[in-house]
Amino acid sequence: MVAGAAQRVRGQVGEGGVAVHGHDQVRLGQNAAQDVHDAETAYIGADLRDTTAILAQASQTLDLGQPVALMFLMTLQYIPDADDPHAIVREYLDGLVPGSFLVVSDTTNEVRDPVITEGTRRMNEGMGGRVTQTRRTSAQVGRFFEGLDMVEPGLTSTHRWRPGPDEPDTDSDWPVRCGVARKP
Ligand SMILES: C[S@@+](CC[C@H](N)C(=O)[O-])C[C@H]1O[C@@H](n2cnc3c(N)ncnc32)[C@H](O)[C@@H]1O
């Protein structure tokens, strides 16, 4: 189950899964939405804050009696603290059985890159308050995994999470954190 996928819906949900799209569902388009809809794959146009409805719809495609992977890839940053993104993730996890996995990647405010800081400011301004990006600390991103068993190497800069041999520049710190954890 992927929240906030865009063009890469099919790639992200693979051979069976559910993708939830938020504000750019128009960009995805009706044809693409149909393209990702088959017996094993579904597309839901919804706000990920609507946990009850999304879990109910997802259960029509996924067997939620079996472990699934719940993936928030560069998405929770668009849920402001006022909407309690940690509680939202917890509500989804409560609907999943032990053995399920949580994957989160998100921007962090710990790497001071003036280009990214300015980009965030301009994006928030340009969206006119409809969507704002909240860049969090590692501790705040880590809280999404509370009560779960972290998979090695834990919470890292995304390009350092089990890098392949061709991964560039693993000495540098990128302003993105990610982790994978299993529900015990
Ligand atoms: C930076 S893109 C990431 C897209 C994709 N997950 C990836 O990793 O390539 C952010 C995504 O978050 C989605 N998004 C933002 N707020 C959302 C919300 N409240 N509910 C559902 N999706 C949301 C947008 O629709 C967009 O697809």
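Thresholds, definitions, all that
Residues numbered from 1 in each chain as written. Predicted model: local features only at pLDDT ≥ 70, side-chain atom pairs only at ≥ 80, totals over all residues. Helix = DSSP H or I, 4+ residues; strand = E, 2+ residues; numbered from the N terminus. Buried ≥ 20, exposed ≤ 12 C-beta atoms within 10 Å, placed from the backbone. Contact = placed C-beta atoms within 7 Å. Pairing = 2+ DSSP bridges. Core = buried A, V, L, I, M, F, W, Y, C linked by C-beta atoms within 7 Å. pLDDT = per-residue confidence, 0-100.

Chemist: If you had to explain the overall build of the chain to someone new, which residues and values would you point to?
Modeler: The secondary structure content of the chain amounts to seven helices and eight strands. In the chain, which comprises 184 residues, the proportion classed as buried is 26%. Residue pairs at least 24 apart in sequence account for 70% of intrachain contacts in the chain once pairs closer than 6 positions are excluded.

Chemist: I'd like a rundown of the environment of His159, residues and numbers included.
Modeler: Relative to the assigned elements, His159 resides in the loop between β7 (156-157) and β8 (176-182). Under the C-beta neighbour-count criterion, His159 is labelled partly exposed, with 16 such atoms within 10 Å. Linking His159 and Asp169, residues ten residues apart in sequence, is a C-alpha distance of 8.5 Å.

Chemist: Which residues make up the pairing of β8, and what are the values?
Modeler: The element β8 is largely enclosed, with a buried count of six among its seven residues. Across seven bridges, strand β5 (residues 101-107) lies against β8 in antiparallel orientation. Of the residues in β8, the one forming a bridge with Ser105 is Cys178. Note that strand β6 (residues 149-150) and β8 share two bridges and pair antiparallel. Across the sheet, the residue bridging to Met150 is Ala181, located in β8. Of the strand pairs in this sheet, β7 and β8 are connected by two bridges, and their pairing is antiparallel. Bridge pairing in β8 links Ser157 to Arg177.

Chemist: Tell me about the nonpolar core, residues and numbers included.
Modeler: Core analysis: the largest hydrophobic core is formed by 18 residues, its most contacted members being Leu70, Leu102, Val104 and Phe144. Going through the elements one at a time, β4 (69-73), β5 and β8 are the ones with two or more residues in this core. The dominant element in this core, judged by the number of residues it contributes, is β8, at four residues. Non-local contacts of Val104, meaning those with residues more than four positions away in its chain, are made with Phe72, Leu76, Val141, Phe144, Cys178 and Gly179. Ranked by size, the runner-up nonpolar core spans nine residues in total, among them Ala42, Tyr43, Ile44 and Leu48.

Chemist: Give a description of the confidence of the model for the chain that names residues and reports values.
Modeler: For the chain, the mean per-residue pLDDT works out to 83, and 81% of the residues sit at or above 70. With pLDDT under 50 throughout, residues 4-10 is counted as low confidence; its partners more than four residues away or in other chains account for 17 contacts. Low pLDDT, under 50, characterises residues 24-31; the predicted model gives this stretch five contacts beyond four residues in sequence or across chains.

Chemist: Tell me about unusual backbone geometry, residues and numbers included.
Modeler: Each neighbour pair has its own omega, and for Glu152 with Pro153 the value is 10°, a cis peptide bond. The phi dihedral of Asp84 falls on the positive side, at around 50°, and the residue is not glycine. For Asp84, the position within the fold is in the loop between β4 and α5 (85-94). We classify Asp84 as partly exposed; it has 13 C-beta atoms within 10 Å. For Arg162, which is not glycine, the phi dihedral falls at a positive 50°.

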